[in-house]
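# Observations on chain architecture
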Amino acid sequence: MALDDRVRTAFTRVLDPKDVLSDPVKCRAYECDGLTGYRVRPDLVLLPRDAEQVAAAVRVCHEFGVPFVARGAGTGLSGGALPVADGVVISLARLKKVLAVDPVNRRAVVQPGVTNLEITAAAAPHGLYYAPDPSSQQVCTIGGNVAENSGGAHCLKYGFTTNHVLSCEVVLPDGSVVTLGTDTAEQAGPDLRGVFLGSEGTLGITTSVTVRLLRTPESVRTLLADFPSVASAGDVVSDIVSAGIVPAAVEMMDTLAIEAAEEAVHAGYTVGVPAALVVELDGPVEECDAQFELVKAICEKHGCTRLHIAGSPEERAKIWKGRKAAFAAVGRISPDYFVQDGVVPRTRLAEVLDRIAGMGTDAGLRVANVFHAGDGNLHPLVLYSAAAGETERAERLSGEIAELCVEMGGSLSGEHGIGTDKACSMPKMFGEEDLATMHRVRHAFDPDGICNPGKVLPTPRLCGERPGKYKPHPLEETGAIERL
């Protein structure tokens, strides 16, 4: 049932009418996030301009029982920002100010629509930076990072978003405003900031975030190493950690991922090689140099076929450009793909990757792998063609890979969240009591169930008849009509 005129009028009373989008064509732009396999067109899209308007819009939702979904840049990969039919999307794209940078106390206050990389840009003149660095950091926003507890290549050494957010101003589902956490990270009582971080937008909407800033490392050393097998590259990762070295990042890519990245950005990767590692160390010059020599020796011990050391900041940036472009680059070798995000014990990397390769062969689908090897956070990309009718097979394989990670002693998600994509797999990882506890926590924040419903926790409807899964209209398939 579409929202009635009373609701639409109420929204235009608290927002400028031109900031309330109802045109189906304009609303279509918000029908999915980075997981484009699932789509739902929202009834309305709201574009508040400040925190007060966000709270006012949420109060209208609360008054009329309208489900709402907060949205940042829409780069999420688990369907966490998938709209709800007959609900509204509250876009935070216009809340994009860096409110303060405090170099003395090494922190910054930003609005949720500020991109991850813009925080570092604001801090850089003070010799500081913001550590979490998702691959999409040029476009993803801190509000989305908070919702998903995002990580990135350098979370191996520096931790995830929750380790760098001191406090959040939050609009709760009834429209009230609270601050979770403190500027000093010290607080009495339960850690509600920690509860909110990574809750995938199901407990409220953040309208400002205070983040911790780190001092820019004195030295950074980066290498790109090719290996004759995934197993040998995995052994290098284990040996580095066993040697007591904590790299800033250790990333692995396989043949398909390397091929796609090289074709897209020409980063100097070796096309056709079975596996490549990007290893980066940072810290004091003497320590960094000594450990770098150890890493080189470990690479050579395990049959490294090519070792390229970045000799300048530009070469380092080029290596990282290839790695961070890998997800998007896969679009060059496949019309469609699912990105999975499971975690396995680092010691089982080679075993799991062999299993994934076998599952892909059995399903008749290709699987590319590019991932954070240092902490076992896999990102298998299941390649398929929707036009060839492979969607359901790819979706099934993607889910089986996520559940394989649990079987291997890992988890369903490392940093992309559960969202819509993996909610039905939650019982594979958590028992009934665990899930019931999560339900109670969510209910405490949102007793009416209007805040990003249908995400994270499984429901009979969600798992029995997935709402929102995009299926082309028969006329689309014939070419008689097209999606705008």
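Residues numbered from 1 in each chain as written. Predicted model: local features only at pLDDT ≥ 70, side-chain atom pairs only at ≥ 80, totals over all residues. Heavy atoms only, no water.

## Section: the overall build of the chain
Rule in force here: Working definition: helices are DSSP H or I runs of at least four residues, strands are E runs of at least two. Numbering for both runs from the N terminus. Each radius of gyration reported is based on C-alpha atoms, and the globular scaling rule is 2.2 Å times the count of residues to the power 0.38. Exposure is judged per residue with a 1.4 Å probe applied to protein chains only, and the accessible area is read against the type maximum: over 50% gives exposed, under 20% gives buried, and values in between give partly exposed. Two residues qualify as a contact provided that any one of their heavy atoms is within 4.5 Å of a heavy atom in the partner residue. Working definition of accessibility: Shrake-Rupley area with a 1.4 Å probe, residue cover restricted to the visible protein chains. Counting rule applied: Lys, Arg positive; Asp, Glu negative; His and chain ends not counted. Taken as the charge centre is NZ of Lys, CZ of Arg, CG of Asp or CD of Glu, depending on the residue.
In terms of regular secondary structure, the chain is built from 18 helices and 20 strands. Scaling as 2.2 N^0.38, a compact globule of 484 residues should have a C-alpha radius of gyration of about 23 Å, and the chain matches this with 23 Å. Each principal axis of the C-alpha distribution contributes one length, and for the chain these read about 70 × 60 × 45 Å. Considering the chain as a whole, with its 484 residues, one finds that 52% of them fall into the buried category. Summarising the internal contacts of the chain: among those between residues at least 6 apart in sequence, 72% fall at separations of at least 24. Per element, the accessible surface of the chain, about 20,100 Å² overall, is 52% carbon and sulfur. Distance between charge centroids for the chain: 4 Å, based on 46 positive and 63 negative side chains.

## Here we look at the sheet that holds strand S1 (residues 20-21)
Test applied: In this analysis, strands are considered paired if DSSP registers two or more bridges between them. Orientation is described by lines fitted to C-alpha atoms, with helices fitted over the stretch in contact, and by angles between N-to-C directions that extend from 0 to 180 degrees.
Spatially, S1-S2-S4-S3 is the arrangement adopted by the 4 strands of the open sheet, whose pairing is mixed. Only two strands of the sheet have a single partner each, and these edge strands are S1 and strand S3 (68-71). Sheet topology places S1 next to strand S2 (residues 44-46); 2 bridges connect them, and they run antiparallel. Paired with Leu21 across the bridge in S2 is Val45. Along the sheet face, helix H1 (residues 5-14) touches S1, S2 and strand S4 (88-91) and points at about 15 degrees away from the line of S2.

## Concerning the environment of Thr182
Relative to the elements of secondary structure, Thr182 occurs in the loop between strand S9 (177-181) and helix H7 (192-196). Separated by 28 residues in the primary sequence, Thr182 and Thr210 place their C-alpha atoms 8.6 Å from one another. Not counting chain neighbours up to four residues away, the residues in contact with Thr182 comprise Leu166, Ser167 and Gln187.

## Overview of the side chain of Thr207
Rules: Polar contact criterion, stated in full: a pair of N or O atoms within 3.5 Å, where within protein one must be able to donate a hydrogen and the other to accept it, and residues adjacent in sequence count only if both atoms are side-chain atoms.
Tracing the backbone shows Thr207 in strand S10 (residues 205-212). Engagement of the side chain of Thr207 in a polar contact is seen with the side chain of Glu169, the distance being 2.6 Å. Setting aside residues up to four positions removed in sequence, Thr207 forms contacts with Ala51, Val54, Leu95, Gln111, Pro112, Glu169, Val170 and Val171.

## Regarding the confidence of the model for the chain
To keep it simple, the criterion reads: Summary of the metric used: pLDDT quantifies the predictor's per-residue confidence within the range 0 to 100.
For the chain, mean pLDDT is 92; residues scoring 70 or higher make up 95% of the total. Contacts of residues 464-470 to residues separated by more than four positions or lying in other chains number 23 contacts, the stretch itself having pLDDT below 50.

## Details of the packing of helix H13 (residues 349-363) against helix H14 (residues 391-407)
Selection criterion: Note on terminology: angles under 35 degrees are roughly parallel, angles over 145 are roughly antiparallel, angles of 65 to 115 are roughly perpendicular, and the others are oblique. Crossing handedness follows the turn of the near helix against the far one: under a right angle anticlockwise gives a left-handed crossing, and clockwise gives a right-handed one. Following the grouping adopted for this structure description, the nonpolar residues are Ala, Val, Leu, Ile, Met, Phe, Trp, Tyr, Cys and Pro, the charged ones are Asp, Glu, Lys and Arg, and the polar ones are all others, Gly among them.
For the pair H13 and H14, interaxial distance at closest approach is 11 Å and the crossing angle is 160 degrees. The angle between H13 and H14 places the two elements in the roughly antiparallel class. Note on packing geometry: the crossing formed by H13 with H14 is right-handed. Note on element contacts: H14 touches H13 through Arg393, Leu397, Glu400, Ile401, Leu404 and Glu407, opposite Val352, Arg355, Ile356, Met359, Gly360 and Ala363. Its residues assigned to classes, the contact of H13 with H14 comprises 7 nonpolar, 1 polar and 4 charged.

## Looking at the layout of surface pockets
Spelled out, the test is: Within this scheme a cavity is a closed region of a 1 Å grid, computed over the protein atoms alone, that accommodates a 1.4 Å probe without allowing it to escape, whereas a pocket is open but has protein on both sides within 12 Å along at least five of seven lines; lining residues each have an atom within 4 Å of a point. Grid points are joined across faces, edges and corners, and a volume is the space filled by probe spheres set on the points.
Roughly 600 Å³ of internal volume is contained in the second largest pocket. Forming the boundary of the second largest pocket are 26 residues, of which Gly198, Ser199, Glu200, Ile418 and Val456 lie nearest the centre. Where the lining of the second largest pocket is concerned, the elements lending two or more residues are helix H15 (426-429) and helix H16 (432-445). Looking at the lining of the second largest pocket residue by residue, the classes come out as 13 nonpolar, 9 polar and 4 charged.

## Considering unusual backbone geometry
Here the phi dihedral of Arg106 falls at roughly 55 degrees; this positive angle occurs in a residue that is not glycine. Mapping Arg106 onto the fold places it in the loop between strand S5 (98-102) and strand S6 (107-110). Positive phi is not limited to glycine here, since Asn149 has a value of about 50 degrees. Tracing the sequence through the fold places Asn149 in the loop between helix H5 (142-148) and helix H6 (155-158).

## Digging into the sheet that holds S9
Spatially, S5-S6-S10-S8-S9 is the arrangement adopted by the 5 strands of the open sheet, whose pairing is antiparallel. Strand pairing shows two members of the sheet lacking a second neighbour, S5 and S9, which therefore form its edges. Neighbour-to-neighbour, the strand axes of the sheet open up by a mean angle of 15 degrees, direction not taken into account. Pairing analysis gives 4 bridges linking S5 to S6, with the strands arranged antiparallel. Among the inter-strand pairings, Val98 is bridged to a residue of S6, identified as Val110.

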